[in-house]
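Below are the chains, spelled out letter by letter.
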Amino acid sequence: MLRGPGRLLRVTAAPVAALAVALVSSLSRCSLLEPEDPVVSALSPYFGTKTRYEDANPGLLPNPEAPRRDPELLEETCTPVQLVALIRHGTRYPTAKQIRKLRQLHGLLQARRPGDDGTRAAGGRSLGAALANWPLWYADWMDGQLVEKGRQDMRQLALRLASLFPALFSRENYGRLQLVTSSKHRCVDSGAAFLQGLWQHYHPGVPPPDVADMECGPPRINDKLMRFFDYCEKFLTQVEKNATALYHVEAFKTGPEMQNILNKVAATLQVPVNNLSADLIQVAFFTCSFDLAIKGVKSPWCDVFDIDDAKVLEYLNDLKQYWKRGYGYTINSRSSCTLFQDIFQHLDKAIEQKKSSQPVSSPVILQFGHAETLLPLLSLMGYFKDKEPLTAYNYKEQMHRKFRSGHIVPYASNLIFVLYHCKNAKTPKEEFRVQMLLNEKVLPLAHSQQTVSLYEDLKNYYKDILQSCHTSEECDVPKVNTSDEL
(Lines give C-alpha, C1' and ligand atoms only; values in the text may rest on other atoms or scores of the structure.)
Protein backbone atom coordinates (compact mmCIF):
# COMPACT_ATOMS: atom_id res chain seq x y z
CA MET A 1 0.00 0.00 0.00
CA LEU A 2 1.10 3.57 -0.54
CA ARG A 3 2.03 5.53 2.53
CA GLY A 4 -0.12 8.63 2.87
CA PRO A 5 1.37 12.08 3.33
CA GLY A 6 2.64 12.70 6.82
CA ARG A 7 3.45 9.02 7.43
CA LEU A 8 6.88 7.48 7.38
CA LEU A 9 7.83 6.50 3.81
CA ARG A 10 9.73 3.30 3.11
CA VAL A 11 12.98 3.98 1.25
CA THR A 12 14.40 1.40 -1.13
CA ALA A 13 17.99 0.71 -2.13
CA ALA A 14 20.54 3.37 -3.12
CA PRO A 15 20.26 2.86 -6.91
CA VAL A 16 16.54 3.53 -6.62
CA ALA A 17 17.21 6.79 -4.81
CA ALA A 18 19.64 7.75 -7.56
CA LEU A 19 16.94 7.20 -10.15
CA ALA A 20 14.58 9.40 -8.17
CA VAL A 21 17.20 12.18 -7.94
CA ALA A 22 17.73 11.97 -11.68
CA LEU A 23 14.00 12.24 -12.22
CA VAL A 24 13.71 15.34 -10.04
CA SER A 25 16.67 16.93 -11.85
CA SER A 26 15.08 16.22 -15.20
CA LEU A 27 11.76 17.64 -14.04
CA SER A 28 13.40 20.89 -12.90
CA ARG A 29 15.09 21.40 -16.26
CA CYS A 30 11.88 20.75 -18.20
CA SER A 31 9.50 22.82 -16.10
CA LEU A 32 9.66 25.87 -18.35
CA LEU A 33 8.92 23.93 -21.52
CA GLU A 34 5.38 22.77 -20.85
CA PRO A 35 3.09 22.61 -23.89
CA GLU A 36 0.33 25.11 -24.37
CA ASP A 37 -3.22 24.26 -25.46
CA PRO A 38 -3.35 21.49 -28.10
CA VAL A 39 -2.54 22.67 -31.61
CA VAL A 40 -3.40 20.60 -34.65
CA SER A 41 -1.52 20.55 -37.95
CA ALA A 42 -2.73 19.07 -41.23
CA LEU A 43 0.58 17.18 -41.19
CA SER A 44 -0.10 15.50 -37.82
CA PRO A 45 -1.35 12.15 -39.21
CA TYR A 46 1.94 11.61 -41.07
CA PHE A 47 4.66 11.96 -38.44
CA GLY A 48 5.27 8.21 -38.16
CA THR A 49 6.92 7.21 -34.88
CA LYS A 50 7.02 10.91 -33.87
CA THR A 51 3.20 11.06 -33.79
CA ARG A 52 1.41 12.39 -30.71
CA TYR A 53 -0.81 9.84 -28.97
CA GLU A 54 -3.86 12.08 -29.25
CA ASP A 55 -3.38 12.37 -33.02
CA ALA A 56 -3.60 8.58 -33.31
CA ASN A 57 -6.45 8.53 -30.76
CA PRO A 58 -8.37 11.80 -31.39
CA GLY A 59 -11.28 10.80 -29.18
CA LEU A 60 -9.09 11.71 -26.19
CA LEU A 61 -8.82 15.40 -27.11
CA PRO A 62 -11.99 16.64 -25.30
CA ASN A 63 -10.98 15.04 -21.98
CA PRO A 64 -7.64 13.18 -21.95
CA GLU A 65 -8.15 11.91 -18.39
CA ALA A 66 -11.54 10.29 -19.04
CA PRO A 67 -11.55 6.64 -20.11
CA ARG A 68 -13.14 5.73 -23.43
CA ARG A 69 -14.56 2.28 -22.92
CA ASP A 70 -14.50 0.20 -26.06
CA PRO A 71 -17.96 -1.42 -26.36
CA GLU A 72 -16.24 -4.71 -27.26
CA LEU A 73 -14.66 -5.02 -23.79
CA LEU A 74 -16.01 -7.99 -21.83
CA GLU A 75 -18.20 -7.31 -18.82
CA GLU A 76 -20.98 -8.84 -16.75
CA THR A 77 -20.05 -12.44 -15.84
CA CYS A 78 -16.37 -12.17 -16.82
CA THR A 79 -14.04 -10.44 -14.36
CA PRO A 80 -10.55 -9.17 -15.27
CA VAL A 81 -7.96 -10.88 -13.08
CA GLN A 82 -4.72 -9.69 -14.69
CA LEU A 83 -3.50 -6.99 -17.03
CA VAL A 84 -0.13 -7.08 -18.80
CA ALA A 85 0.71 -3.85 -20.63
CA LEU A 86 3.62 -3.00 -22.91
CA ILE A 87 3.90 0.77 -23.05
CA ARG A 88 6.07 2.94 -25.25
CA HIS A 89 7.60 5.94 -23.48
CA GLY A 90 5.83 9.29 -23.73
CA THR A 91 6.73 12.29 -25.87
CA ARG A 92 10.47 12.94 -25.91
CA TYR A 93 13.02 15.49 -27.06
CA PRO A 94 14.95 14.94 -30.29
CA THR A 95 18.11 12.88 -29.98
CA ALA A 96 21.51 14.58 -30.00
CA LYS A 97 22.02 13.30 -33.58
CA GLN A 98 18.78 14.91 -34.71
CA ILE A 99 19.68 18.17 -32.96
CA ARG A 100 23.05 18.28 -34.74
CA LYS A 101 21.34 17.87 -38.12
CA LEU A 102 18.88 20.62 -37.23
CA ARG A 103 21.76 22.94 -36.37
CA GLN A 104 23.31 22.13 -39.73
CA LEU A 105 20.10 23.03 -41.52
CA HIS A 106 19.66 26.18 -39.43
CA GLY A 107 23.20 27.22 -40.37
CA LEU A 108 22.34 26.88 -44.07
CA LEU A 109 19.37 29.19 -43.59
CA GLN A 110 21.39 31.77 -41.69
CA ALA A 111 24.01 31.75 -44.47
CA ARG A 112 21.47 32.84 -47.06
CA ARG A 113 22.18 36.11 -48.89
CA PRO A 114 20.20 39.13 -47.61
CA GLY A 115 18.33 39.47 -50.92
CA ASP A 116 17.06 35.88 -50.96
CA ASP A 117 13.35 35.74 -50.35
CA GLY A 118 11.62 32.65 -51.79
CA THR A 119 8.19 31.61 -50.52
CA ARG A 120 6.45 34.05 -48.20
CA ALA A 121 5.37 33.06 -44.73
CA ALA A 122 2.43 34.51 -42.84
CA GLY A 123 3.17 38.18 -42.16
CA GLY A 124 5.03 38.76 -45.42
CA ARG A 125 8.58 37.63 -44.55
CA SER A 126 10.17 34.89 -46.61
CA LEU A 127 9.85 31.43 -45.13
CA GLY A 128 13.63 31.01 -45.19
CA ALA A 129 14.10 34.23 -43.22
CA ALA A 130 11.36 33.24 -40.77
CA LEU A 131 13.09 29.93 -40.13
CA ALA A 132 16.53 31.54 -39.85
CA ASN A 133 15.11 33.76 -37.10
CA TRP A 134 13.01 31.04 -35.46
CA PRO A 135 14.59 30.21 -32.07
CA LEU A 136 16.64 27.02 -32.14
CA TRP A 137 15.94 26.10 -28.54
CA TYR A 138 17.05 22.45 -28.60
CA ALA A 139 20.17 21.74 -26.54
CA ASP A 140 22.55 18.79 -26.39
CA TRP A 141 21.49 17.74 -22.90
CA MET A 142 17.96 16.98 -24.14
CA ASP A 143 19.15 13.93 -26.17
CA GLY A 144 15.93 11.93 -26.32
CA GLN A 145 14.84 12.64 -22.75
CA LEU A 146 11.20 12.57 -21.72
CA VAL A 147 9.54 15.99 -21.83
CA GLU A 148 6.80 17.30 -19.57
CA LYS A 149 4.24 16.44 -22.25
CA GLY A 150 5.58 12.86 -22.11
CA ARG A 151 5.04 12.74 -18.35
CA GLN A 152 1.55 14.05 -18.93
CA ASP A 153 1.00 11.28 -21.51
CA MET A 154 1.84 8.70 -18.85
CA ARG A 155 -0.12 10.29 -16.01
CA GLN A 156 -3.22 10.54 -18.18
CA LEU A 157 -2.85 6.96 -19.43
CA ALA A 158 -2.62 5.80 -15.81
CA LEU A 159 -5.80 7.68 -14.90
CA ARG A 160 -7.69 6.22 -17.85
CA LEU A 161 -6.59 2.63 -17.24
CA ALA A 162 -7.31 2.89 -13.52
CA SER A 163 -10.84 4.07 -14.31
CA LEU A 164 -11.31 1.45 -17.04
CA PHE A 165 -10.16 -1.48 -14.88
CA PRO A 166 -10.96 -0.36 -11.30
CA ALA A 167 -10.76 -3.85 -9.79
CA LEU A 168 -7.24 -4.43 -11.10
CA PHE A 169 -6.00 -0.94 -10.23
CA SER A 170 -7.67 -0.95 -6.82
CA ARG A 171 -6.00 0.81 -3.93
CA GLU A 172 -5.37 -2.59 -2.33
CA ASN A 173 -3.49 -3.84 -5.41
CA TYR A 174 -1.10 -0.90 -5.64
CA GLY A 175 1.62 -2.58 -3.63
CA ARG A 176 1.42 -5.62 -5.94
CA LEU A 177 2.04 -3.73 -9.16
CA GLN A 178 5.02 -5.00 -11.09
CA LEU A 179 6.90 -2.50 -13.27
CA VAL A 180 9.71 -3.30 -15.70
CA THR A 181 11.52 -0.82 -17.90
CA SER A 182 14.24 -0.30 -20.45
CA SER A 183 17.30 1.42 -18.98
CA LYS A 184 16.79 4.47 -21.20
CA HIS A 185 15.93 7.50 -19.10
CA ARG A 186 12.79 8.25 -21.13
CA CYS A 187 11.41 4.81 -20.22
CA VAL A 188 12.43 4.95 -16.55
CA ASP A 189 10.85 8.40 -16.27
CA SER A 190 7.72 7.21 -18.08
CA GLY A 191 7.25 4.47 -15.49
CA ALA A 192 7.70 6.99 -12.68
CA ALA A 193 5.17 9.38 -14.26
CA PHE A 194 2.66 6.51 -14.62
CA LEU A 195 2.99 5.81 -10.90
CA GLN A 196 2.43 9.50 -10.18
CA GLY A 197 -0.75 9.34 -12.25
CA LEU A 198 -1.98 6.43 -10.14
CA TRP A 199 -1.18 8.38 -6.98
CA GLN A 200 -3.31 11.21 -8.38
CA HIS A 201 -6.11 8.68 -8.95
CA TYR A 202 -5.96 7.50 -5.32
CA HIS A 203 -5.16 10.87 -3.68
CA PRO A 204 -6.63 13.72 -5.78
CA GLY A 205 -4.95 17.01 -5.04
CA VAL A 206 -2.18 15.50 -2.89
CA PRO A 207 1.37 15.86 -4.27
CA PRO A 208 2.93 12.45 -4.94
CA PRO A 209 6.01 11.32 -3.04
CA ASP A 210 9.24 10.41 -4.81
CA VAL A 211 8.98 7.20 -6.79
CA ALA A 212 11.56 5.60 -4.45
CA ASP A 213 9.15 6.12 -1.56
CA MET A 214 6.15 4.43 -3.16
CA GLU A 215 5.12 1.05 -1.77
CA CYS A 216 5.31 -0.75 -5.11
CA GLY A 217 8.78 0.68 -5.73
CA PRO A 218 10.20 2.10 -8.96
CA PRO A 219 10.33 0.25 -12.28
CA ARG A 220 12.89 -2.55 -12.43
CA ILE A 221 15.36 -2.28 -15.31
CA ASN A 222 15.49 -5.29 -17.64
CA ASP A 223 17.08 -4.52 -21.00
CA LYS A 224 17.24 -8.15 -22.08
CA LEU A 225 13.45 -8.10 -22.06
CA MET A 226 12.65 -4.53 -23.16
CA ARG A 227 15.63 -3.98 -25.48
CA PHE A 228 16.01 -7.54 -26.75
CA PHE A 229 17.35 -6.20 -30.05
CA ASP A 230 20.51 -4.98 -28.33
CA TYR A 231 21.27 -8.58 -27.29
CA CYS A 232 20.72 -10.21 -30.67
CA GLU A 233 24.16 -10.39 -32.27
CA LYS A 234 22.81 -11.55 -35.61
CA PHE A 235 20.49 -8.51 -35.81
CA LEU A 236 23.30 -6.15 -34.83
CA THR A 237 25.69 -7.67 -37.37
CA GLN A 238 23.37 -8.31 -40.29
CA VAL A 239 21.05 -5.30 -39.97
CA GLU A 240 22.06 -2.60 -37.48
CA LYS A 241 25.72 -2.40 -38.50
CA ASN A 242 25.28 -3.50 -42.12
CA ALA A 243 25.44 -0.55 -44.52
CA THR A 244 23.53 -2.43 -47.21
CA ALA A 245 20.73 -3.82 -45.00
CA LEU A 246 18.46 -0.80 -45.49
CA TYR A 247 18.82 -0.79 -49.26
CA HIS A 248 15.19 0.18 -49.86
CA VAL A 249 15.43 3.09 -47.43
CA GLU A 250 18.51 4.50 -49.15
CA ALA A 251 17.07 3.85 -52.61
CA PHE A 252 13.88 5.73 -51.73
CA LYS A 253 15.95 8.69 -50.53
CA THR A 254 17.39 9.06 -54.05
CA GLY A 255 14.14 8.17 -55.81
CA PRO A 256 11.84 10.59 -57.66
CA GLU A 257 9.44 11.20 -54.76
CA MET A 258 12.19 12.41 -52.41
CA GLN A 259 14.06 14.29 -55.14
CA ASN A 260 10.91 16.28 -55.88
CA ILE A 261 10.72 17.31 -52.23
CA LEU A 262 14.44 18.20 -52.15
CA ASN A 263 14.06 20.51 -55.16
CA LYS A 264 10.89 22.05 -53.80
CA VAL A 265 12.37 22.75 -50.35
CA ALA A 266 15.57 24.17 -51.87
CA ALA A 267 13.48 26.59 -53.94
CA THR A 268 11.21 27.46 -51.01
CA LEU A 269 14.08 28.20 -48.62
CA GLN A 270 16.42 29.61 -51.28
CA VAL A 271 19.32 27.34 -50.42
CA PRO A 272 21.42 25.30 -52.89
CA VAL A 273 19.83 21.91 -53.48
CA ASN A 274 23.29 20.31 -53.29
CA ASN A 275 23.50 21.43 -49.66
CA LEU A 276 20.38 19.50 -48.76
CA SER A 277 19.88 15.77 -48.25
CA ALA A 278 16.98 13.46 -47.54
CA ASP A 279 18.18 13.21 -43.92
CA LEU A 280 18.10 17.00 -43.47
CA ILE A 281 14.65 17.19 -45.06
CA GLN A 282 13.41 14.49 -42.71
CA VAL A 283 14.79 16.24 -39.62
CA ALA A 284 13.10 19.49 -40.76
CA PHE A 285 9.82 17.60 -41.03
CA PHE A 286 10.28 16.04 -37.61
CA THR A 287 11.11 19.45 -36.13
CA CYS A 288 7.57 20.48 -37.04
CA SER A 289 6.37 17.44 -35.07
CA PHE A 290 8.68 18.08 -32.09
CA ASP A 291 7.63 21.73 -31.76
CA LEU A 292 4.00 20.65 -31.99
CA ALA A 293 4.30 17.79 -29.50
CA ILE A 294 6.63 19.39 -26.95
CA LYS A 295 5.50 23.04 -26.87
CA GLY A 296 2.12 22.93 -28.57
CA VAL A 297 3.43 25.34 -31.22
CA LYS A 298 2.88 25.20 -34.97
CA SER A 299 6.29 26.45 -36.08
CA PRO A 300 7.29 27.76 -39.54
CA TRP A 301 8.89 24.37 -40.17
CA CYS A 302 5.36 23.05 -40.71
CA ASP A 303 4.87 25.57 -43.54
CA VAL A 304 7.73 24.05 -45.54
CA PHE A 305 5.70 20.93 -46.35
CA ASP A 306 2.26 20.10 -47.71
CA ILE A 307 0.26 16.90 -47.22
CA ASP A 308 1.71 15.25 -50.33
CA ASP A 309 5.21 15.88 -48.97
CA ALA A 310 4.13 14.54 -45.58
CA LYS A 311 2.87 11.29 -47.11
CA VAL A 312 6.22 10.72 -48.83
CA LEU A 313 8.18 11.47 -45.65
CA GLU A 314 5.91 9.20 -43.63
CA TYR A 315 6.62 6.40 -46.12
CA LEU A 316 10.36 6.97 -45.70
CA ASN A 317 9.98 6.56 -41.95
CA ASP A 318 7.77 3.51 -42.36
CA LEU A 319 10.26 1.91 -44.77
CA LYS A 320 12.95 2.13 -42.10
CA GLN A 321 10.69 0.69 -39.42
CA TYR A 322 9.44 -2.06 -41.76
CA TRP A 323 12.89 -3.30 -42.70
CA LYS A 324 14.53 -2.92 -39.29
CA ARG A 325 11.66 -3.71 -36.92
CA GLY A 326 8.86 -5.29 -38.93
CA TYR A 327 8.52 -7.76 -41.74
CA GLY A 328 11.63 -6.84 -43.75
CA TYR A 329 14.36 -8.61 -41.78
CA THR A 330 12.41 -10.94 -39.53
CA ILE A 331 15.38 -11.65 -37.25
CA ASN A 332 14.32 -8.71 -35.06
CA SER A 333 10.70 -9.78 -34.75
CA ARG A 334 11.76 -13.38 -34.08
CA SER A 335 14.08 -12.21 -31.31
CA SER A 336 11.10 -10.56 -29.58
CA CYS A 337 9.78 -14.05 -28.75
CA THR A 338 11.37 -13.84 -25.29
CA LEU A 339 9.10 -10.91 -24.49
CA PHE A 340 6.13 -12.82 -25.90
CA GLN A 341 7.00 -15.83 -23.73
CA ASP A 342 7.26 -13.59 -20.68
CA ILE A 343 3.72 -12.30 -21.23
CA PHE A 344 2.27 -15.81 -21.42
CA GLN A 345 4.25 -16.91 -18.38
CA HIS A 346 2.56 -14.15 -16.38
CA LEU A 347 -0.86 -15.19 -17.69
CA ASP A 348 -0.18 -18.87 -16.95
CA LYS A 349 0.85 -18.05 -13.40
CA ALA A 350 -2.27 -15.97 -12.81
CA ILE A 351 -4.46 -18.84 -14.04
CA GLU A 352 -2.70 -21.33 -11.77
CA GLN A 353 -3.18 -19.05 -8.78
CA LYS A 354 -6.82 -18.45 -9.61
CA LYS A 355 -7.50 -22.18 -10.03
CA SER A 356 -5.98 -22.88 -6.61
CA SER A 357 -8.05 -20.09 -5.01
CA GLN A 358 -4.98 -17.98 -4.32
CA PRO A 359 -4.90 -14.22 -4.92
CA VAL A 360 -3.13 -13.26 -8.15
CA SER A 361 0.28 -12.10 -6.97
CA SER A 362 0.75 -9.52 -9.75
CA PRO A 363 -2.64 -8.36 -11.03
CA VAL A 364 -1.04 -5.56 -13.03
CA ILE A 365 2.25 -5.83 -14.91
CA LEU A 366 3.51 -2.72 -16.68
CA GLN A 367 6.48 -2.85 -19.04
CA PHE A 368 7.96 0.37 -20.45
CA GLY A 369 9.90 0.24 -23.68
CA HIS A 370 10.20 1.70 -27.16
CA ALA A 371 8.61 1.67 -30.59
CA GLU A 372 11.43 -0.79 -31.30
CA THR A 373 9.99 -3.02 -28.57
CA LEU A 374 6.38 -3.00 -29.74
CA LEU A 375 6.72 -3.13 -33.53
CA PRO A 376 8.71 -6.38 -33.69
CA LEU A 377 6.33 -8.04 -31.24
CA LEU A 378 3.24 -7.02 -33.23
CA SER A 379 4.96 -8.28 -36.38
CA LEU A 380 5.77 -11.57 -34.66
CA MET A 381 2.07 -11.89 -33.83
CA GLY A 382 1.10 -11.29 -37.47
CA TYR A 383 -0.41 -7.81 -37.24
CA PHE A 384 -0.31 -5.05 -39.89
CA LYS A 385 1.18 -7.26 -42.56
CA ASP A 386 0.56 -6.11 -46.13
CA LYS A 387 0.17 -8.48 -49.06
CA GLU A 388 3.27 -7.03 -50.70
CA PRO A 389 6.41 -5.85 -48.86
CA LEU A 390 7.16 -2.14 -48.63
CA THR A 391 9.94 -1.26 -51.07
CA ALA A 392 11.60 1.80 -52.56
CA TYR A 393 9.62 1.29 -55.75
CA ASN A 394 5.99 0.74 -54.75
CA TYR A 395 5.16 3.94 -52.85
CA LYS A 396 1.98 4.61 -54.85
CA GLU A 397 0.80 1.01 -54.52
CA GLN A 398 1.29 1.22 -50.74
CA MET A 399 -0.77 4.38 -50.19
CA HIS A 400 -3.39 2.34 -48.32
CA ARG A 401 -0.97 0.05 -46.48
CA LYS A 402 -1.66 -1.45 -43.08
CA PHE A 403 1.89 -0.81 -41.83
CA ARG A 404 1.71 2.85 -40.77
CA SER A 405 3.97 3.24 -37.76
CA GLY A 406 2.35 6.44 -36.50
CA HIS A 407 -1.03 4.72 -36.28
CA ILE A 408 0.49 1.68 -34.56
CA VAL A 409 3.21 3.00 -32.21
CA PRO A 410 2.82 6.74 -31.57
CA TYR A 411 4.29 8.17 -28.39
CA ALA A 412 2.73 6.44 -25.34
CA SER A 413 1.38 3.60 -27.50
CA ASN A 414 0.36 0.52 -25.57
CA LEU A 415 -0.40 -3.14 -26.18
CA ILE A 416 -2.49 -4.61 -23.37
CA PHE A 417 -3.38 -8.22 -22.60
CA VAL A 418 -6.38 -8.62 -20.29
CA LEU A 419 -7.04 -12.02 -18.72
CA TYR A 420 -10.64 -12.68 -17.60
CA HIS A 421 -12.17 -15.27 -15.33
CA CYS A 422 -15.68 -16.20 -16.41
CA LYS A 423 -17.51 -17.80 -13.51
CA ASN A 424 -20.49 -19.12 -15.51
CA ALA A 425 -18.30 -21.04 -17.98
CA LYS A 426 -19.74 -24.36 -19.14
CA THR A 427 -16.34 -26.08 -19.34
CA PRO A 428 -12.97 -25.52 -17.65
CA LYS A 429 -11.54 -24.43 -21.01
CA GLU A 430 -14.10 -21.62 -21.25
CA GLU A 431 -13.28 -20.34 -17.78
CA PHE A 432 -10.38 -18.09 -18.83
CA ARG A 433 -10.53 -15.68 -21.75
CA VAL A 434 -8.25 -13.01 -23.17
CA GLN A 435 -8.67 -9.70 -24.93
CA MET A 436 -5.97 -7.51 -26.41
CA LEU A 437 -6.07 -3.74 -26.72
CA LEU A 438 -3.85 -1.59 -28.90
CA ASN A 439 -3.83 2.04 -27.86
CA GLU A 440 -6.88 1.38 -25.68
CA LYS A 441 -8.97 -0.08 -28.50
CA VAL A 442 -9.84 -3.79 -28.63
CA LEU A 443 -7.58 -5.49 -31.17
CA PRO A 444 -9.20 -8.30 -33.20
CA LEU A 445 -7.33 -11.54 -32.71
CA ALA A 446 -5.11 -12.62 -35.59
CA HIS A 447 -6.36 -16.22 -35.64
CA SER A 448 -10.09 -15.49 -35.61
CA GLN A 449 -10.69 -11.76 -36.11
CA GLN A 450 -12.88 -12.01 -33.02
CA THR A 451 -12.52 -9.57 -30.13
CA VAL A 452 -12.13 -12.24 -27.44
CA SER A 453 -10.48 -15.66 -27.31
CA LEU A 454 -10.45 -18.58 -24.97
CA TYR A 455 -7.01 -18.46 -23.38
CA GLU A 456 -6.14 -22.00 -24.45
CA ASP A 457 -7.10 -21.23 -28.06
CA LEU A 458 -4.87 -18.16 -28.15
CA LYS A 459 -1.98 -20.02 -26.59
CA ASN A 460 -2.44 -22.90 -29.01
CA TYR A 461 -2.44 -20.53 -32.00
CA TYR A 462 0.95 -19.18 -30.96
CA LYS A 463 2.35 -22.47 -29.67
CA ASP A 464 5.05 -22.68 -32.35
CA ILE A 465 6.44 -19.30 -31.29
CA LEU A 466 6.13 -20.05 -27.59
CA GLN A 467 7.67 -23.52 -27.80
CA SER A 468 10.43 -22.80 -30.31
CA CYS A 469 11.73 -19.55 -28.86
CA HIS A 470 15.47 -20.13 -28.60
CA THR A 471 17.21 -16.77 -28.92
CA SER A 472 20.66 -18.34 -28.89
CA GLU A 473 19.79 -20.18 -32.09
CA GLU A 474 18.11 -17.12 -33.61
CA CYS A 475 20.69 -14.54 -32.62
CA ASP A 476 24.11 -16.19 -32.38
CA VAL A 477 26.44 -15.47 -35.28
CA PRO A 478 28.40 -18.56 -36.34
CA LYS A 479 32.07 -18.14 -35.57
CA VAL A 480 34.35 -18.43 -38.55
CA ASN A 481 37.49 -20.47 -38.00
CA THR A 482 40.27 -18.47 -39.61
CA SER A 483 43.17 -20.52 -38.26
CA ASP A 484 45.30 -22.39 -40.82
CA GLU A 485 45.16 -26.16 -40.70
CA LEU A 486 48.54 -27.85 -40.40
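Look above for the structure.
All values reported here derive from a predicted model rather than from experimental measurement.

Asker: So, the overall build of the protein chain: which residues are in play, and what are the values?
Answerer: The secondary structure content of the protein chain amounts to 19 helices and 8 strands. When the 486 residues of the protein chain are sorted by exposure, 55% land in the buried category. Here the protein chain displays about 21500 Å² of accessible surface, and carbon together with sulfur accounts for 50% of that area.

Asker: Lay out the packing of aromatic side chains in plain terms, naming residues and giving numbers.
Answerer: Within a pair of aromatic rings, the relevant descriptors are the distance that separates the centres and the angle that separates the planes. Across all of its chains, the model carries 21 aromatic pairs by this definition. Pairing Tyr93 with Trp137 gives two aromatic rings, centres 6.3 Å apart and planes at 70°, and the pair type is edge-to-face. Note that Tyr93 is positioned in the loop between strand S1 (78-88) and helix H3 (96-110) and Trp137 in the loop between helix H4 (127-133) and helix H5 (148-164), a separation of 44 residues in sequence. Exposure remark for Tyr93: the relative accessible area of 0% places this residue in the buried category. Judged by its relative accessible area of 18%, Trp137 falls in the buried class. Within the aromatic cluster, the residues linked to one another by ring pairs are Tyr322, Trp323, Tyr327, Tyr329 and Phe403. The ring centre of Tyr202 lies 5.9 Å from the NZ or CZ of Arg171, which sits over that ring. Positioned above the aromatic ring of Trp137, the side-chain terminus of Lys295 is 4.7 Å from the ring centre.

Asker: Quick one: what's the story with the nonpolar core, residue by residue and with numbers?
Answerer: By size, the foremost hydrophobic cluster in this structure holds 107 residues, and its most contacted members are Phe305 and Phe340. In this structure, Phe340 is in contact with Leu377, Leu380, Met381, Phe417, Tyr462, Ile465 and Leu466, ignoring residues within four places of it in sequence. Formed by 40 residues, the second largest nonpolar core is a distinct cluster that contains Leu60, Leu83, Ala412 and Leu437.

Asker: Any details on the packing of helix H14 (residues 337-355) against helix H15 (residues 371-380)? Residues and values, ideally.
Answerer: Packing of H14 against H15 leaves a shortest axis separation of 9 Å and a crossing angle of 80°. Our classification of the angle between H14 and H15 gives roughly perpendicular. Here Cys337, Leu339, Phe340 and Ile343 of H14 lie close against H15, whose contacting residues are Thr373, Leu377 and Leu380.

Asker: Tell me what's going on with helix H8 (residues 233-240), and back it up with residues and numbers.
Answerer: Burial in H8 covers these residues: Lys234, Phe235, Leu236 and Val239. On the buried face of H8, the contacting elements are helix H12 (307-325), helix H13 (331-335) and helix H19 (471-475).

Here is what the cut-offs are and how they apply
Residues numbered from 1 in each chain as written. Predicted model: local features only at pLDDT ≥ 70, side-chain atom pairs only at ≥ 80, totals over all residues. Heavy atoms only, no water. Helix = DSSP H or I, 4+ residues; strand = E, 2+ residues; numbered from the N terminus. Buried < 20%, exposed > 50% of the residue type's maximum accessible area, 1.4 Å probe, protein only. Areas by Shrake-Rupley, 256 points an atom, 1.4 Å probe, with all protein chains shown as cover. Phe/Tyr/Trp six-rings, centres within 6.5 Å; stacked < 30°, edge-to-face > 60°. Lys NZ or Arg CZ within 6 Å of the ring centre and 35° of its normal. Core = buried A, V, L, I, M, F, W, Y, C linked by side-chain atoms within 4.5 Å. Contact = heavy atoms within 4.5 Å. Axes fitted to C-alpha atoms, helices over the stretch in contact; angles between N-to-C directions. Parallel < 35°, antiparallel > 145°, perpendicular 65-115°, else oblique.

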